[in-house]
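# What the coordinates show
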Amino acid sequence: MKRIILSLLSMFMFMTSYAAVGERVFSNLASRDDVTSVYIGKAALRIASQSMFAGKMGMAESRMQLVGAAARNLESVEIISTEKKKAFPAIKETVCDVVKKLGLEVMVEAKEPGENTVVYVCMPEDGTDNIDCLLIETHDNEDYSVVFVKGQISFSELKDGYE
């Protein structure tokens, strides 16, 4: 599970090195000295999705086009990570507040010895297969990471791309 999370983090980090300004869910954590934070804004995601559609990323073109299609509807990606145990409670408290405030639902929960991962989603009320945001929380005894993706993600669009 940790490899999946790290792959997702790497994908978003690889997509672009640009940063943009916008409303951030984890701004209180990003200002801490014991936390590493990354914010990828809409402009950077738009540039990344256009680059991926152009097939210039050096990876399997069809897979990258699929990621590019998903990225074009995203508004932002926030990544918070720390290896400092004293920051764990603040991250957990903030995640709980965000889950409650946004009304997120557990989509997947995986527990392995020493590691927990929970994927939360915000499903729209209109019954479509889109999600409006995604929060991935993973932690073990050594580190704590959270990824928050804001924007429309269509499961049918992703599914069609894999078929």
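Now for a description of the structure that goes with this document. The structure presented is a predicted model; accordingly, all values stated were derived computationally and were not measured.

Reading the values: the criteria
- Residues numbered from 1 in each chain as written.
- Predicted model: local features only at pLDDT ≥ 70, side-chain atom pairs only at ≥ 80, totals over all residues.
- Heavy atoms only, no water.
- Core = buried A, V, L, I, M, F, W, Y, C linked by side-chain atoms within 4.5 Å.
- Buried < 20%, exposed > 50% of the residue type's maximum accessible area, 1.4 Å probe, protein only.
- Helix = DSSP H or I, 4+ residues; strand = E, 2+ residues; numbered from the N terminus.
- Pairing = 2+ DSSP bridges.
- Expected span 1.5 Å × (residues − 1).
- Arc of directions from axis to C-beta.
- Contact = heavy atoms within 4.5 Å.

## Re the nonpolar core
Counting residues in each nonpolar core, the largest one holds 19 residues, and the members touching the most others are Phe26, Ile80, Ile91, Val95, Leu104, Leu135 and Val146. Secondary-structure elements contributing two or more residues to this core are α5 (88-102), β4 (115-122), β5 (130-140) and β6 (144-154). The element best represented in this core is α5, accounting for five residues. Of all hydrophobic cores here, the second largest spans 14 residues; its members include Val77, Leu134, Val147 and Val149.

## Considerations on the pairing of β4
Burial analysis of β4 places seven of its eight residues in the buried class, the great majority of the element. In terms of strand pairing, strand β3 (residues 105-112) meets β4 through seven bridges, oriented antiparallel. Each bridged residue has a counterpart across the sheet, and for valine 108 the counterpart in β4 is valine 119. Linking β3 back to β4 in an antiparallel pair, the connection comprises two residues, with glycine 114 at a positive phi of about 80°.

## Quick word on α5
In this model, α5 (15 residues) spans 21 Å end to end at C-alpha, consistent with the 21 Å of a helix rising 1.5 Å per residue. Those residues of α5 lying buried are Phe88, Ile91, Thr94, Val95, Val98 and Val99. Seen from one end, α5 has its buried residues packed into an arc of 135°, which puts them on one side. Set apart from the buried face of α5 by more than 90 degrees, the exposed residues are Pro89, Glu93, Lys100 and Lys101. The elements touched by buried residues of α5 are α2 (27-30), β2 (74-82), β4, β5 and β6. Of the residues flanking the end of α5, it is glycine 103, one or two places downstream, whose phi is positive at about 65°.

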